[in-house]
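Each chain is listed here by its residues.
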Amino acid sequence: MAALVVALIAALAASGRAALLGLVAFAAAVALATLAWTGHGAMDEGAVGWVHLGTDILHLLAGGAWAGALLGLVLLVARPVGRVDAAHLTLTHRALHGFGLVGTILVGTIVVTGIVNTWLLVGLANLPDLTTTRYGQLLIAKLALFGAMLALASLNRFRLTPAFERAIAAADHHGALRALRRSLAVEASCAGAILALVAWLGTLEPPASAM
């Protein structure tokens, strides 16, 4: 809560200043990381417990960074037509293009930490029975939504963003911008559904803890 208060105060006082914006990001990351101590990431003890907690924190931070960046991109492409000028189009393309490398790092982190967390929460012996438990069914739904987000992110990076760049050069960006709006809206909807599933999963007993 203290970290969130710091993030809020810094955000209100930032006015575009890089130092304060950095403080917002840092304080928000601290607040997000502390959630690991209230969930399944704190269920183990000893060396395994530290590994579980560490991977859970990294999983939260990578997922939070992806969701936050996605919200920023949605706000950029959703600007009313009357307020879209050349400078905004350039900024939007730079943001979309620049997120490519960062997004790859975030996805890699999510995948690796997700595998470790699944191993610790589910256990290899319980994998064949995932579809028979509520926890397993929700986890499969979460993975399906993550796969959809990954497919949409790839579509944005390798097809829609280059098409948007060409459309800007040709001074005919409306169609390309609409395609980006639709793709990012669906991706954001998947992210929202994943957050809801994560909250639900947090209330259930993971298979590994029942062994």
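Residues numbered from 1 in each chain as written. Predicted model: local features only at pLDDT ≥ 70, side-chain atom pairs only at ≥ 80, totals over all residues. Heavy atoms only, no water.

1. Some thoughts on the environment of Leu23
Heads up, the condition is: Numbering goes from the N terminus for both helices and strands, where a helix is a DSSP run of H or I of at least four residues and a strand is a run of E of at least two. A contact between two residues is defined here by any heavy atoms of the two lying within 4.5 Å.
Residue placement: Leu23 occurs in helix H2 (residues 18–33). Taking C-alpha positions, Leu23 is 8.2 Å from Val6, a pair spaced 17 residues apart along the chain. In contact with Leu23, not counting residues within four places along its chain, are Val6 and Ala10.

2. Section: the environment of Ala10
You can see Ala10 is positioned in helix H1 (residues 2–14). C-alpha of Ala10 to C-alpha of Leu96: the two residues are 86 residues apart in sequence and 26 Å apart in space. Beyond its immediate stretch of four places on either side in the chain, Ala10 contacts Leu20, Leu23 and Val24.

3. What about the layout of surface pockets?
Filter applied, for reference: Grid spacing is 1 Å over the protein atoms alone, the probe is 1.4 Å, and a cavity is where that probe fits but cannot get out, while a pocket is an open set with protein on both sides within 12 Å along at least five of seven lines and lining residues have an atom within 4 Å of a point. Grid points are joined across faces, edges and corners, and a volume is the space filled by probe spheres set on the points. Any residue outside Ala, Val, Leu, Ile, Met, Phe, Trp, Tyr, Cys, Pro, Asp, Glu, Lys and Arg is labelled polar, Gly included; the first ten of those are nonpolar and the last four are charged.
Taken as a whole, the largest pocket encloses approximately 1100 Å³ of empty space. Lining of the largest pocket is provided by 38 residues; of these, His59, Leu60, Lys142, Ile194 and Val198 occupy positions nearest its centre. With 8 residues, the top contributor of residues to the lining of the largest pocket is helix H3 (residues 46–77). In terms of residue class, the lining of the largest pocket is built from 24 nonpolar, 12 polar and 2 charged. The computed volume of the second largest pocket comes to approximately 370 Å³. Forming the boundary of the second largest pocket are Met1, Leu4, Ala25, Ala28, Ala29, Ala31, Leu32, Thr34, Leu35, Leu61, Gly64 and Ala65. Residue assignment for the lining of the second largest pocket shows that the elements contributing at least two residues are H2 and H3.

4. Concerning a nonpolar patch on the surface
In plain terms, the rule: Residues enter patches when their relative accessible area tops 30% and they take part in no salt bridge; the joining distance is 9 Å for like charges and 5 Å for the nonpolar side chains Val, Leu, Ile, Met, Phe, Trp and Tyr. All accessible-area figures derive from a Shrake-Rupley calculation using a 1.4 Å probe, and residue coverage is judged against the displayed protein chains alone. Throughout this description, the term salt bridge denotes a Lys or Arg side-chain nitrogen within 4 Å of a carboxyl oxygen of Asp or Glu. Here's how the labels work: a residue is buried when its accessible area is under 20% of the maximum for its type, exposed when over 50%, partly exposed in between, all with a 1.4 Å probe on protein chains only.
Nonpolar side chains collect at one region of the surface, where Val6, Leu23, Phe26 and Val30 lie side by side and expose about 330 Å² of accessible area between them. Per-element tally for the nonpolar patch: the top contributor is H2, with 3 residues. Structurally, Val6 is set in helix H1. According to the relative accessible area criterion, Val6 is partly exposed, its value standing at 37%.

5. A few points about the side chain of Glu187
Keep this limit in mind: Charge assignment in this entry is limited to Lys and Arg as positive and Asp and Glu as negative, and neither His nor the chain termini are counted.
Inspection of the secondary structure assignment puts Glu187 in helix H6 (residues 174–201). It turns out Glu187 is buried and unbridged, and the closest side chain with the opposite charge, Arg157, is 12 Å from it. Non-local contacts of Glu187, meaning those with residues more than four positions away in its chain, are made with Trp66, Leu70, Met149, Leu152, Ala153 and Asn156.

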